[in-house]
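Working through the structure, step by step
Given next are the chains, with one letter for each unit.
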Amino acid sequence: MLLALGPAVMVSAPAAQAAPSAATVARYEARVIARMNYIRHLYGRAGLSTRWCPDHYAEPYAPVLAHKILVHRVPWDMRLHQDMRMILRGCRATVAAENLAAGNATADQIVAAWMRSRSHRDNILDRRLNRVGVAAVYRSGRWFVVADFTRQ
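What comes next is a walk through the structure. (Residues numbered from 1 in each chain as written. Predicted model: local features only at pLDDT ≥ 70, side-chain atom pairs only at ≥ 80, totals over all residues. Heavy atoms only, no water.)

Looking at the secondary structure, you find Arg73 in the loop between helix H2 (52-70) and helix H3 (84-90). Within the structure, Arg73 has its side chain in polar contact with the backbone oxygen of Leu70 (distance 3.5 Å). (Helix = DSSP H or I, 4+ residues; strand = E, 2+ residues; numbered from the N terminus. Polar contact = N/O pair within 3.5 Å; in protein donor to acceptor, adjacent residues only side chain to side chain.)

At a closest axis distance of 8 Å, the pairing of helix H1 (residues 22-42) and helix H4 (residues 107-116) adopts a crossing angle of 40 degrees. For the element pair H1 / H4, the angle class is oblique. As for the relative orientation of H1 and H4, their crossing is right-handed in sense. Of the residues in H4, those in contact with Tyr28, Arg31, Val32, Arg35, Met36 and Ile39 of H1 are Ala107, Asp108, Ile110, Val111, Trp114 and Met115. (Axes fitted to C-alpha atoms, helices over the stretch in contact; angles between N-to-C directions. Parallel < 35°, antiparallel > 145°, perpendicular 65-115°, else oblique. Left-handed = near helix turned anticlockwise from the far one by under 90°. Contact = heavy atoms within 4.5 Å.)

Here we take up the nonpolar core. Of all hydrophobic cores here, the largest spans 27 residues; its most connected members are Met36, Trp114, Val145 and Phe149. Among the elements of the structure, H1, strand S4 (95-103), H4, helix H5 (118-125), strand S5 (131-139) and strand S6 (142-151) are those that each provide at least two residues to this core. The element that contributes the greatest number of residues to this core is H1, accounting for 6 residues. The contacts of Phe149, once residues within four sequence positions are left out, are Met36, Leu48, Val95, Ala96, Ala97, Glu98, Asn99, Asn123, Ile124, Leu129, Arg131 and Val132. (Core = buried A, V, L, I, M, F, W, Y, C linked by side-chain atoms within 4.5 Å. Buried < 20%, exposed > 50% of the residue type's maximum accessible area, 1.4 Å probe, protein only.)

To continue, consider the pattern of salt bridges. Enumeration over the complete set of coordinates arrives at 3 salt bridges. Residue Asp83 is joined to Arg85 by a salt bridge in which the shortest nitrogen-to-oxygen separation is 3.0 Å. Take Asp83: its relative accessible area is 33%, and that puts it in the partly exposed class. Given the relative accessible area of 54%, Arg85 is considered exposed. Across the pair Asp126 and Arg128 runs a salt bridge, and its minimum N-O distance is 2.7 Å. (Salt bridge = Lys/Arg side-chain N within 4 Å of Asp/Glu carboxyl O.)

Here it is as structure tokens:
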């Protein structure tokens, strides 16, 4: 089941697993980036390069996203997103965008869900965006994923 309310995506899949290691989380994040770049390649877009600055905003926000959803039960809408002006200024970027997702799903399933959502798909395929930072945390049987995109 996919819930796409506003620009955030929620994916549900089979039962939860044990908390992943740091290496597993790093592989999950790398797979999200690899999958987005594969799709960009299929559509004739240049790949996204991983950069410190967008990752600097994604990494601390993934646990905040999980907390907002699990503890505060913030609805899936624009209130979940970070202020893009902060990322524009902090990264000295000309364009910034963000994709969010939550669910017990593989990295490939998260990217597939984003591709089924027009606003998320637009971010992945946007020719102006050339840098990305991806963060994922696993809480209460679900992955919480943040992808921050910029152009510099």
